[in-house]
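One-letter residues, chain by chain:
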Amino acid sequence: MWAGRARVGTLCSSWASGAAAGFGGAAARAGKTEGGPGFRCIIPRWSTMHRRHLQEIPDLGSNISTSFTWAWDPSKTSELLSGMGVSVLKDKLGSENTPQELLVCVGPPPKRQKVKDKEFVIARRPRLLREAVTGVSWDTLPDELLLGIFSYLSLTELLKVSQVCQRWHRLSIDESLWQTLDLAGRTLQPGVIGHLLPLGVTAFRCPRACIGSPLFKTSRPLRVEHLDLSNCTIQAADLHSILSHCRSLQNLSLEGLQLSDDIIRNIAQNPGLLRLNLSGCSGFSAEALEVMLTSCPRLEELNLAWCGFTIDHVRAAVNHIPPKLMQLNLSGYRQNLLMSDVKTLLERCSSLIHLDLSDSVMLKPECFQYFHQLSCLQHLGLSRCYQIPPASLLELGEIATLKTVQAFGIVTASSLQLLKATLPHIKINGSHFTPIARPTIGCRKNPEIWGIQCRLSLSNPAGFYHGLQDLACQQL
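Computed from a predicted structure; not experimentally measured.

**Student:** So, the overall build of the protein chain: which residues are in play, and what are the values?
**Tutor:** Within the protein chain, the regular secondary structure consists of 17 helices and 18 strands. Long-range pairs, those at least 24 residues apart, make up 66% of the contacts in the protein chain between residues at least 6 apart in sequence. Roughly 26800 Å² of accessible area belongs to the protein chain as shown, and the carbon and sulfur atoms make up 55% of that amount.

**Student:** Could you give an account of empty space enclosed by the protein, with specific residues and numbers?
**Tutor:** Throughout the structure, instances matching the rule amount to one cavity of 30 Å³ or more. Its boundaries defined by the atoms lining it, the largest cavity holds a volume of some 40 Å³. For the largest cavity, the full set of lining residues is Leu-393, Leu-396, Val-405, Ala-407, Leu-419, Leu-423, Ile-426 and Ile-428. The class makeup of the residues in the lining of the largest cavity is eight nonpolar, no polar and no charged.

**Student:** Go over the sheet that holds strand β5 (residues 203-205), please, and point to the residues and values.
**Tutor:** Sheet architecture is open: twelve strands sit in the order β15-β14-β13-β12-β11-β10-β9-β8-β7-β5-β3-β18, paired in parallel fashion. Across the chains shown, the open sheet's two edge strands, defined by having one partner strand only, are β15 (427-428) and β18 (456-457). Pairing of strand β9 (residues 275-277) with strand β10 (residues 301-303) involves three bridges; the strand directions are parallel. In the sheet register, Leu-276 faces β10, and the bridge partner there is Leu-302.

**Student:** Which residues make up the confidence of the model for the protein chain, and what values do they have?
**Tutor:** Taken residue by residue, the protein chain gives an average pLDDT of 79. The fraction at 70 or more is 67%. Note on residues 1-48: pLDDT under 50 across the span, and 63 contacts to partners over four residues away in sequence or across chains. For the stretch residues 61-68, pLDDT sits under 50, and the model shows one contact to residues farther than four places along the chain or on other chains.

**Student:** Any chance you could break down helix α14 (residues 339-348) for me, citing the residues and the numbers?
**Tutor:** Taken residue by residue, α14 has Asp-341, Val-342, Leu-345 and Leu-346 as its buried positions. Taken end-on, α14 shows its buried residues confined to a sector of 120 degrees, consistent with a single buried face. If you follow the buried residues of α14, they end up packed against α13 (311-320), β11 (327-329), β12 (354-356) and α15 (368-371).

**Student:** Any details on helix α12 (residues 286-295)? Residues and values, ideally.
**Tutor:** Because an α-helix completes one turn every 3.6 residues, residues spaced three or four positions apart along the sequence face the same direction. The set of residues buried in α12 consists of Ala-286, Ala-288, Leu-289, Met-292 and Leu-293. Down the axis of α12, the buried set is contained in an arc of 155 degrees. They therefore lie on one face. Exposed residues lying more than 90 degrees from the buried face of α12 are Glu-287 and Thr-294. Contacts made by the buried residues of α12 are with α11 (261-267), β9, β10 and α13.

**Student:** Pulling in residues and values, what's your account of the pattern of salt bridges?
**Tutor:** By the definition in use, this model includes nine salt bridges. Across the pair Glu-255 and Arg-438 runs a salt bridge whose closest N-O atoms are separated by 3.2 Å. Highlighted residues: Glu-255 in the loop between β8 (251-253) and α11 and Arg-438 in the loop between β15 and β16 (448-449), separated in sequence by 183 residues. Bridged by salt links that share partners, the residues Asp-143, Arg-167 and Arg-170 form one connected network.

**Student:** Hey, could you go over unusual backbone geometry for me, with residue numbers and the actual values?
**Tutor:** Of note in this structure, Asp-359 is not a glycine but carries a positive phi near 60 degrees. Here Asp-359 shows up in the loop between β12 and α15. One non-glycine residue, Arg-384, lies in the positive phi region at around 60 degrees. With respect to the element layout, Arg-384 can be found in the loop between β13 (379-381) and β14 (404-406).

**Student:** I'd like a description of the packing of α13 against α14, backed by residues and values.
**Tutor:** Where α13 contacts α14, the two axes come as close as 8 Å, and the packing angle between them is 20 degrees. On the basis of the axis angle, α13 is roughly parallel to α14. Every pair of crossing elements has a handedness; the one defined by α13 and α14 is left-handed. Contacts between α13 and α14 involve Val-314, Val-318, Asn-319 and His-320 from the former and Asp-341, Thr-344, Leu-345 and Arg-348 from the latter. For the contact of α13 with α14, the residue count by class is three nonpolar, three polar and two charged.

**Student:** Lay out the environment of Ser-351 in plain terms, naming residues and giving numbers.
**Tutor:** For Ser-351, the position within the fold is in the loop between α14 and β12. Ignoring any residue separated from it by four or fewer positions in sequence, one finds Ser-351 in contact with Leu-325, Met-326 and Cys-376.

**Student:** So what's going on with the packing of α12 against α13? Residues and values would help.
**Tutor:** The interhelical angle for the contact between α12 and α13, taken along N-to-C directions, is 15 degrees, at an axis separation of 9 Å. By the angle between their directions, the pair α12 and α13 is classed as roughly parallel. Two packed elements cross with a definite hand, and for α12 against α13 that hand is right-handed. Contacts between α12 and α13 pair Ala-286, Leu-289, Glu-290, Leu-293 and Thr-294 from the former with Asp-312, His-313, Ala-316, Ala-317 and His-320 from the latter. Each residue belonging to the contact of α12 with α13 can be placed in one class, and the counts come to five nonpolar, three polar and two charged.

**Student:** Break down the environment of Pro-271 for me, citing the residues and quoting the values.
**Tutor:** Considering the arrangement of structural elements, one finds Pro-271 in the loop between α11 and β9. Residues Pro-271 and Leu-293, 22 residues apart in the sequence, show an inter-C-alpha distance of 9.8 Å. Setting aside residues no more than four positions away along its own chain, Pro-271 makes contact with Ser-295, Cys-296, Pro-297 and Arg-298.

Procedures and definitions
Residues numbered from 1 in each chain as written. Predicted model: local features only at pLDDT ≥ 70, side-chain atom pairs only at ≥ 80, totals over all residues. Heavy atoms only, no water. Helix = DSSP H or I, 4+ residues; strand = E, 2+ residues; numbered from the N terminus. Contact = heavy atoms within 4.5 Å. Areas by Shrake-Rupley, 256 points an atom, 1.4 Å probe, with all protein chains shown as cover. 1 Å grid on protein atoms, 1.4 Å probe; cavity = no way out; pocket = protein on both sides within 12 Å on 5 of 7 lines; lining within 4 Å. Points joined across faces, edges and corners; volume = space filled by probe spheres on them. Nonpolar A, V, L, I, M, F, W, Y, C, P; charged D, E, K, R; others polar. Pairing = 2+ DSSP bridges. pLDDT = per-residue confidence, 0-100. Buried < 20%, exposed > 50% of the residue type's maximum accessible area, 1.4 Å probe, protein only. Arc of directions from axis to C-beta. Salt bridge = Lys/Arg side-chain N within 4 Å of Asp/Glu carboxyl O. Axes fitted to C-alpha atoms, helices over the stretch in contact; angles between N-to-C directions. Parallel < 35°, antiparallel > 145°, perpendicular 65-115°, else oblique. Left-handed = near helix turned anticlockwise from the far one by under 90°.

Here it is in structure tokens:
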């Protein structure tokens with residue numbers, strides 16, 4: 001019952017509102033009948049007058065602006081329907097028990113009013129003020145502290161941080177960060193050496209590397225003091241370019257390289273040189289060798305083994321080696337190192353501690369008398385000196401300071417056992433190689449050169465070259 005009565009009010013309101021708004025014309029012309037329980041609504045065909053009134057209602061698509069306010073008085077519903085020829089039939093029960101709120105005809109909800117353009121404003125939520133963050137900003141850190149942090153970075157990481165900002169770029173190329181550099185076994189493209197060494201490198205380890213042209217952009221002397229280019233693949237002209245910028249070398253190793261007189265003269269421009277390894281080098285004259293030995297009076301360790309010296313080279317060496325020299329490797333000269341050369345050498349250099357004359361077949365036991373003149377001699381190498389018989393080695397036991405003797409090739413297994421029993425205080429044939437002036441002793445992977453640990457090393461070649469290119473561009 002309540003549902004039927006509620007539907008009566010709803011249908012009346014709907015039909016009345018539709019008629020007022022000009023909708024439902026098609027249904028009215030069709031003469032359809034609508035109704036529900038207790039209600040019947042008969043809609044006849046409209047007359048010409050009603051059509052005329054409807055025609056006066058503007059079309060929705062027309063340009064005529066209309067203003068219509070939805071408001072309706074429920075008491076006028078019957079009057080409007082009577083004027084339209086619509087009769088309303090009520091049920092017998094009446095509407096005394098019908099809730100009043102259901103009988104009230106309520107029109108469609110009012111349309112939302114458009115906001116005028118001048119009143120339309122994009123509201124932006126105000127930014128929240130930054131809360132005070134505990135800690136210290138990178139920008140407030142002093143240069144000294146940032147340099148301390150950068151000192152823990154690898155070579156590739158250091159090149160990356162140089163791209164962050166101008167301040168970090170300036171700090172990343174500080175000399176304190178580039179003191180030791182290890183690029184062993186790498187292929188260095190042209191210009192790499194010219195960019196890195198001027199950054200303040202003092203120890204540069206680069207053995208077994210393939211080095212392109214340095215392409216220095218400055219004529220200032222480098223600060224390099226320890227340089228290892230042993231067994232590198234490098235042109236003599238490029239090596240000359242590198243050494244021409246060096247004036248402060250203390251340790252230098254060019255083992256196995258092809259040199260020239262100009263390169264030897266470049267070495268002579270380093271009067272503070274202490275250790276020089278030219279083992280296996282060739283391509284320079286005896287005159288250039290004499291100039292170099294004269295210009296480096298502070299030499300303590302010198303390795304001139306297997307350099308292909310002629311008799312003139314050997315004579316220039318023994319006559320101009322600095323008297324304060326303590327370690328000397330002059331092995332590999334077979335017929336070119338004579339007994340007279342040994343006498344001249346040992347009379348000149350009486351402070352020798354380590355002496356290696358291996359592979360000198362002209363030496364005889366008569367040279368032992370000169371060994372007795374060396375008051376500090378501890379290590380002696382006579383391997384493959386075939387004119388020295390094993391029995392004569394017992395005479396070396398009279399040298400109180402002697403600790404090791406290398407006699408490979410002239411001592412048989414049985415003779416070796418006898419010598420060890422007779423000379424228990426001397427270690428015989430303990431090592432095949434001599435460490436004189438060599439930068440690395442022992443394991444080939446040892447990253448040290450002359451006892452100096454190189455901090456910066458290359459682990460990511462791709463990132464290294466990318467960062468190096470950016471560094472070069474920023475320096476320009």
